[in-house]
Amino acid sequence: MNDKQQVEVAGRRLAIGNLDKILYPATETTKGEVLHYYATVAPVLLPQLAHRPVTRIRWPEGVGGISFFEKNLPSGAPDWLDRVTFASSGSRGGGDSVTYPLVDDLAGLTYLANLASLEFHVPQWRVQDGDAVNPDRLVVDLDPGAPAGLPECAELALLVRERLADRGYDRTVPVTSGSKGLQVYAALPGSATSDEVRDDMRTLAQELTKAQPERVVWKMTTSLRKGKILLDWSQNTAAKTTICPYSMRGKDRPTVAAPRTWEEMEQGAGAPDTLRQLDITEVMDRLDDLGDLMASLTET
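Every value quoted in this text rests on a predicted model; they were computed, and no experiment measured them. (Residues numbered from 1 in each chain as written. Predicted model: local features only at pLDDT ≥ 70, side-chain atom pairs only at ≥ 80, totals over all residues. Heavy atoms only, no water.)

A word on the overall build of the protein chain
When helices and strands are counted, the protein chain shows six helices and 18 strands. For 300 residues, the compact-globule estimate of 2.2 N^0.38 gives 19 Å, and the C-alpha radius of gyration of the protein chain, at 19 Å, lies within 12% of that figure. Over its C-alpha atoms, taken along the principal directions, the protein chain stretches across nearly 60 × 45 × 40 Å. Looking at the 300 residues of the protein chain, the share that counts as buried comes to 52%. Summarising the internal contacts of the protein chain: among those between residues at least 6 apart in sequence, 68% fall at separations of at least 24. (Helix = DSSP H or I, 4+ residues; strand = E, 2+ residues; numbered from the N terminus. Rg over C-alpha atoms; globule rule 2.2 N^0.38 Å. Buried < 20%, exposed > 50% of the residue type's maximum accessible area, 1.4 Å probe, protein only. Contact = heavy atoms within 4.5 Å.)

Structure, rendered in structure tokens:
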């Protein structure tokens, strides 16, 4: 059905449509199901998006069609959708700027998801009074090169957790990315700049590469990565973004960047078929059983 419907979301009137449109052909997952997922996980997703400029990847015709990154606020965005403007970090220069949406409530999330924004990417820092502040968390991205996969990533994640604890970062959460690998997040006190965090994580990656050169690589060079895991420290750079925990992914299946327990990492380390990427149904079910696994990063 192409008819738009007027709905009230978080006190805002929104026009949504094409709810029966299939966005994931392999699983026949519809736009309506995507909107339902985002409404269901909003209580745990919104704290991860809040006060962070949001970059989206949109699939207007579904995951089998063309996709594109979108940083700027969409044309026609409602006035009530919060926003922030920063100078562009792109290579064109010339004083360009980008106006990002700030997604702090279900209405803003629904508005963007209705535009087939399946993926939400954010930096590790937040906006305060219109300015970027020091990051409140760090992320280490574990990206496997075939034939390495999630079991190998889980093994390395356990080592990353140990190295982070040695640096005083005790609150950590693993997140299977919904793609190939996983991320490890750690809470920060906010005293270090993005550059300082990036440099420290580069040192950590170099340390692990030196200790286990047969399975870890810290350089981005593609030719070095076969059968190894890239420990990507660079996503702590202020200009870079990472898939937001609880965001969907634009893959064949409606997978999710899903927070996991460290027990799952221990069970899945080196064990084929034990650990896998989770889809929207599994993540919604896990919320009922496990609650918000990312909450430990914001506890005081």
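Quick notes on the side chain of Ser 177
Within the element layout of this structure, Ser 177 appears in the loop between β13 (172-176) and β14 (182-187). Looking at Ser 177, its side chain comes within polar contact range of the main-chain nitrogen of Ser 179, at 3.0 Å. Apart from the residues lying within four places of it in its own chain, the contact partners of Ser 177 are Leu 182, Gln 183, Ile 243, Arg 249, Val 256, Ala 257 and Gln 277. (Polar contact = N/O pair within 3.5 Å; in protein donor to acceptor, adjacent residues only side chain to side chain.)

Topic: the pattern of salt bridges
A full pass over the atoms with the stated rule returns 19 salt bridges. Note that Arg 52 is salt-bridged to Asp 136, the shortest N-O span being 3.1 Å. Of this pair, Arg 52 sits in the loop between α1 (31-49) and β5 (55-58) while Asp 136 is found in the loop between β11 (131-132) and β12 (137-144), placing the two residues 84 residues apart along the sequence. The exposure class assigned to Asp 136 is partly exposed, which follows from its relative accessible area of 24%. One salt bridge connects Arg 215 with Glu 155, and the closest N-O pair in it is separated by 3.3 Å. You can see Arg 215 sitting in the loop between α4 (194-211) and β15 (216-217) and its partner Glu 155 sitting in helix α3 (residues 150-166), a full 60 residues away along the chain. Taken together, the shared-partner salt bridges connect Arg 163, Arg 167, Asp 200 and Glu 207 into one network. (Salt bridge = Lys/Arg side-chain N within 4 Å of Asp/Glu carboxyl O.)

Note that every value here comes from positions in space, so none of it alone points to a role or purpose.
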